[in-house]
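Notes for the structure review
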Amino acid sequence: MDVVGELQRTAPEQIEVKRLAGQIVWLREGPEEWVGPADEALARLRGLAPEAAFWAAFAPV
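Residues numbered from 1 in each chain as written. Predicted model: local features only at pLDDT ≥ 70, side-chain atom pairs only at ≥ 80, totals over all residues. Heavy atoms only, no water.

As a further point, take the sheet that holds strand β2 (residues 24-29). Across the sheet, which stays open at both edges, the three strands sit in the order β1-β2-β3 with antiparallel pairing between neighbours. This sheet does not close on itself; its edge strands, each paired only once, are β1 (16-21) and β3 (32-37). This sheet shows a mean twist of 20 degrees between the axes of neighbouring strands, independent of strand direction. Here β1 pairs with β2 via five bridges, running antiparallel. Within β2, the position partnered with Glu-16 by the bridge is Arg-28. Across the sheet, helix α2 (residues 38-46) touches β2 and β3, and the angle it forms with β3 is around 120 degrees. (Pairing = 2+ DSSP bridges. Helix = DSSP H or I, 4+ residues; strand = E, 2+ residues; numbered from the N terminus. Axes fitted to C-alpha atoms, helices over the stretch in contact; angles between N-to-C directions. Contact = heavy atoms within 4.5 Å.)

Here you go:
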């Protein structure tokens, strides 16, 4: 399974998902952005509570 493709299907429609190199992705929506491994992004999204906003998964810890 292509992790980047799965991420593109999982992310909300308004989120721009671009493959930068290999499995590194860039997620963007307006001023919000995140760059990192696609598998990490997908894991963060899968762990996100249904009522939480998308970008909550990518907030600094």
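What follows deals with α2. Those residues of α2 lying buried are Ala-38, Ala-41, Leu-42 and Leu-45. Each buried residue of α2 lies within a common arc of 95 degrees when the element is viewed along its axis, so the set occupies one face. (Buried < 20%, exposed > 50% of the residue type's maximum accessible area, 1.4 Å probe, protein only. Arc of directions from axis to C-beta.)

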